[in-house]
Amino acid sequence: MTDEIDSLLRKKALELAKMRIQESGPKQKALSGDEAIQIVRKIVKGERASEIIDNALSLYSQQAVALFKKLAELHLQGVIKELADYELYQMLLRLGMRVPVKTEIKIVRHGREYKLGES
């Protein structure tokens, strides 16, 4: 009788171990560059987000994709919910990637708009 109980306990323990391995076994597949870029486009909010992402990809394609993959992984893990465009810009600057952003300065005087540098 005790042999039967021992064998049942071993069998149950093996089944539990197999279930734990199966639950932890199917890990996330590696993200491709395009998938990572799409995820980053969804989580980065702000007026300049798409401009920053496009300029970073055009100037620093490999490095930017590596950063975007890491950001996408962190988003899928639940660490990052969303980013502001200036936060992404700061990350790129800290990594040494200077991403130009088009800026214009306009002055409104007496109902007329002047661009800085215009006479």
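Quick caveat: nothing in here was measured; it's all calculated off a predicted structure.

**What to know about the side chain of Asp85**
Here Asp85 is to be found in helix H5 (residues 85–94). In this structure, Asp85 is buried with no salt-bridge partner, the nearest side chain bearing the opposite charge being Arg48 at 6.5 Å. In terms of polar contacts, Asp85 uses its side chain to reach the backbone amide nitrogen of Glu47, at 3.4 Å. Apart from the residues within four sequence positions on either side, Asp85 is in contact with Val44, Lys45, Gly46, Glu47, Arg48, Ala49 and Ile52.

**Topic: the nonpolar core**
Core analysis: the largest hydrophobic core is formed by 24 residues, its most contacted members being Val44, Ile53, Leu57, Phe68, Leu71, Leu88 and Leu92. Going through the elements one at a time, helix H2 (33–43), helix H3 (49–59), helix H4 (61–77) and H5 are the ones with two or more residues in this core. When residues in this core are grouped by element, the largest group, 6 residues, is from H4. Every residue in contact with Leu92, bar those within four places of it in the chain, is listed here: Ile52, Ala56, Leu67, Met97 and Val99.

Thresholds, definitions, all that
Residues numbered from 1 in each chain as written. Predicted model: local features only at pLDDT ≥ 70, side-chain atom pairs only at ≥ 80, totals over all residues. Heavy atoms only, no water. Helix = DSSP H or I, 4+ residues; strand = E, 2+ residues; numbered from the N terminus. Buried < 20%, exposed > 50% of the residue type's maximum accessible area, 1.4 Å probe, protein only. Lys, Arg positive; Asp, Glu negative; His and termini not counted. Salt bridge = Lys/Arg side-chain N within 4 Å of Asp/Glu carboxyl O. Polar contact = N/O pair within 3.5 Å; in protein donor to acceptor, adjacent residues only side chain to side chain. Contact = heavy atoms within 4.5 Å. Core = buried A, V, L, I, M, F, W, Y, C linked by side-chain atoms within 4.5 Å.

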